[in-house]
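Next come the chains, spelled out residue by residue.
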Amino acid sequence: MLNKKDILGLKDMTKEEILEILETAKEMKTRIDDSSKRIDEIKGCSIVSLFYENSTRTRTSFENATKFLGANQVNIAVGSSSVAKGESMYDTVKTLESIKNGIVVIRHSMAGTPNYIAKKVDAHIVNAGDGQHEHPTQALLDMLTMRRHFGKIDGLTVAIIGDIKYSRVARSNIFGLLTMGAKVKLFGIKTLMPKGIEEMGATICNSVEEAIQGSDVVMGLRIQLERQTSGQFPTTKEYFAEYGITMDRMKLANENAIIMHPAPVNRGVEISGEAVDSDISRIFDQVTNGLAVRMAVIKLLAEGK
Ligand code: ASP
């Protein structure tokens, strides 16, 4: 049983905890692939999602995960709730908790918001992405995808390429992958590399080619224009020509290498459309694996109560 109240990030998650979630997700996957397979449902538990930032995949997969588990799902449209009347986030979550929502899934543009709320309420808090900080369920689904392809994570070389500075996906993956024994290589243009990133334990590369060379997994990251200030980025056409992930550049990767991306993808910016649709791409499998990981997280938190 997962001995955690909340899922806030991978920084403080142990190898055993990550493995427990991945093993549970594997079990959940059999249910997704074959609806006749039974899993113990978690009736009586109510999950609410509170998204202060846009989302397609994360939000809908949490919703579907809840349905697959037979639990109740409530969505708060932040724009039309009391939040729009100036209610504090603490009061909103406390209210949701008072009407018996046991798990609150939060996405917010401010780093640390889920951690702050988690300390103040008894409900389980799941971080669905907080600013540039962490996106734990994304990194878990990425690791599930790698494990399904390679049968392991330990010993893999994973290149993370693109907008490292603004990416919560990069941070959660660096923490998780290093904990699981993978080697992580990073490449981003200078303005999109955060100061001190090398201290996290990843290898910094000087070109996209150097990052791809000898890697088993090549993970592209979206250029997050919405979080950037001006002057950090050349034109998208120049960026793609110099740094884009293409099938030609993928020839430098290891045999059996795969392409991943958390999506949304900007085709022709950080990655070519051909690479997204290629048979070595796992981008759409990642989305399905996200459903399994979110089912696992909900199940483990609900059972741990
Ligand atoms: N979907 C991911 C996130 O929410 C990646 C992205 O937005 O580019 O962080």
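Structural data are supplied above this passage.
Just so you know, these numbers come straight off a predicted model, no measurement behind them.

**Q** What exactly am I supposed to notice about the layout of surface pockets here?
**A** Remark: the empty space left among the atoms is shown by a probe the size of a water molecule rolled over them. A volume near 410 Å³ is recorded for the largest pocket. Taken together, 21 residues line the largest pocket, and the ones lying closest to its centre are Arg107, Arg168, Arg222, Ala263 and Pro264. Among the elements of the structure, helix H2 (57–68) and helix H6 (168–179) are those that each provide at least two residues to the lining of the largest pocket. Within the lining of the largest pocket, the residues separate by chemical class into five nonpolar, nine polar and seven charged.

**Q** What exactly am I supposed to notice about the nonpolar core here?
**A** In globular proteins that are soluble, nonpolar side chains generally tend to be buried together. Grouped together as the largest cluster of nonpolar side chains are 62 residues, with contacts concentrated most on Ile21, Ile103, Met143, Ile160 and Leu186. Contact partners of Ile103, with chain neighbours within four places excluded, come to Cys45, Ser46, Ile47, Val48, His124, Val126, Ile298, Leu301 and Ala302. Within the second largest apolar cluster, 17 residues are counted, among which are Ile161, Cys205, Ile212 and Ala257.

**Q** Is there a simple way to think about the environment of Ala275 in this case?
**A** Following the sequence through the fold, Ala275 ends up in helix H9 (residues 273–277). Sequence separation between Ala275 and Met260 is 15 residues, and the spatial gap between their C-alpha atoms is 9.6 Å. Aside from chain neighbours lying at most four places away, what touches Ala275 is Ile245, Met247, Ile259 and Ser281.

**Q** Help me understand the pairing of strand S4 (residues 124–130), please; the structure alone is not making it clear to me.
**A** Sheet faces and side chains relate simply in a regular strand, where the side chains alternate between the two faces. Counting buried positions along S4 yields seven of seven residues, so the element is predominantly enclosed. Examined bridge by bridge, strand S3 (residues 103–108) and S4 share five bridges and lie parallel to one another. From the neighbouring strand, Ile103 faces S4, where its bridge partner is His124. With helix H4 (residues 113–120) bridging S3 and its parallel neighbour S4, the resulting β-α-β unit is right-handed.

**Q** Looking at this model, I keep getting lost on the site of the ligand. Mind explaining?
**A** By nearness alone, every residue bordering the ligand is listed as Arg107, His135, Arg168, Val169, Arg222, Ala263 and Pro264. In the environment of the ligand, an oxygen atom lies 2.8 Å from a nitrogen or oxygen atom belonging to the side chain of Arg168. Arg222 is positioned such that a nitrogen or oxygen atom in its side chain is 2.6 Å from an oxygen atom of the ligand. Protein chains bury 92% of the 270 Å² of accessible surface belonging to the ligand in isolation. When atom positions are compared with the pocket grids, the ligand is found to occupy the largest pocket. Here the residues of the shell around the ligand sort into three nonpolar, one polar and three charged.

**Q** What am I meant to see in the sheet that holds strand S8 (residues 217–220) here?
**A** On the basis of which strands lie adjacent, the open sheet formed by five strands has the order S7-S6-S5-S8-S9 and parallel pairing. Here the strands that pair on one side only, and so sit at the sheet edges, are strand S7 (203–204) and strand S9 (258–260). The pairing of strand S5 (residues 157–161) with strand S6 (residues 183–187) spans five bridges and is classified as parallel. Note that in S6 the partner of Ala159 across the bridge is Lys185.

**Q** Just to check I follow, could you spell out empty space enclosed by the protein for this structure?
**A** Applying the stated rule across the entire model yields one cavity of 30 Å³ or more. Roughly 60 Å³ of internal volume is contained in the largest cavity. Every residue lining the largest cavity is listed: Arg57, Thr58, Gln138, Leu141, His261, Pro262, Gln286, Val287, Gly290 and Arg294. Listed by contribution, the elements that provide at least two residues to the lining of the largest cavity are H2, helix H5 (136–150) and helix H10 (283–304). For the lining of the largest cavity, the element with the most residues is H10, which contributes four residues. Partitioned by chemical class, the residues of the lining of the largest cavity number three nonpolar, five polar and two charged.

**Q** Explain H4 here, please?
**A** An α-helical segment advances 3.6 residues per turn. Residues three or four places apart therefore align on the same side. Among all positions of H4, only Thr113, Pro114, Ile117 and Ala118 are buried. Looking straight down H4, one finds that the buried residues subtend no more than 125° of arc, so they occupy a single side. On the buried face of H4, the contacting elements are helix H3 (89–98), S3 and S4.

**Q** I would appreciate a short explanation of the environment of Met1 in the present structure.
**A** On the secondary structure map, Met1 appears in the segment before helix H1 (15–33). Here Met1 falls in the exposed class, since its relative accessible area comes to 70%. Expressed as a C-alpha distance, the spacing of Met1 and Ile21, which sit 20 residues apart in the sequence, is 9.7 Å. Those residues within four positions of Met1 in sequence are excluded, and the remaining contacts are Glu20, Glu303 and Gly304.

The rules behind each value
Residues numbered from 1 in each chain as written. Predicted model: local features only at pLDDT ≥ 70, side-chain atom pairs only at ≥ 80, totals over all residues. Heavy atoms only, no water. 1 Å grid on protein atoms, 1.4 Å probe; cavity = no way out; pocket = protein on both sides within 12 Å on 5 of 7 lines; lining within 4 Å. Points joined across faces, edges and corners; volume = space filled by probe spheres on them. Helix = DSSP H or I, 4+ residues; strand = E, 2+ residues; numbered from the N terminus. Nonpolar A, V, L, I, M, F, W, Y, C, P; charged D, E, K, R; others polar. Core = buried A, V, L, I, M, F, W, Y, C linked by side-chain atoms within 4.5 Å. Buried < 20%, exposed > 50% of the residue type's maximum accessible area, 1.4 Å probe, protein only. Contact = heavy atoms within 4.5 Å. Pairing = 2+ DSSP bridges. Right-handed = clockwise from strand over helix to strand, strands pointing away. Near = heavy atom within 4 Å. Polar contact = N/O pair within 3.5 Å; in protein donor to acceptor, adjacent residues only side chain to side chain. Areas by Shrake-Rupley, 256 points an atom, 1.4 Å probe, with all protein chains shown as cover. Sits in = over half its atoms within 2 Å of the grid points. Arc of directions from axis to C-beta.

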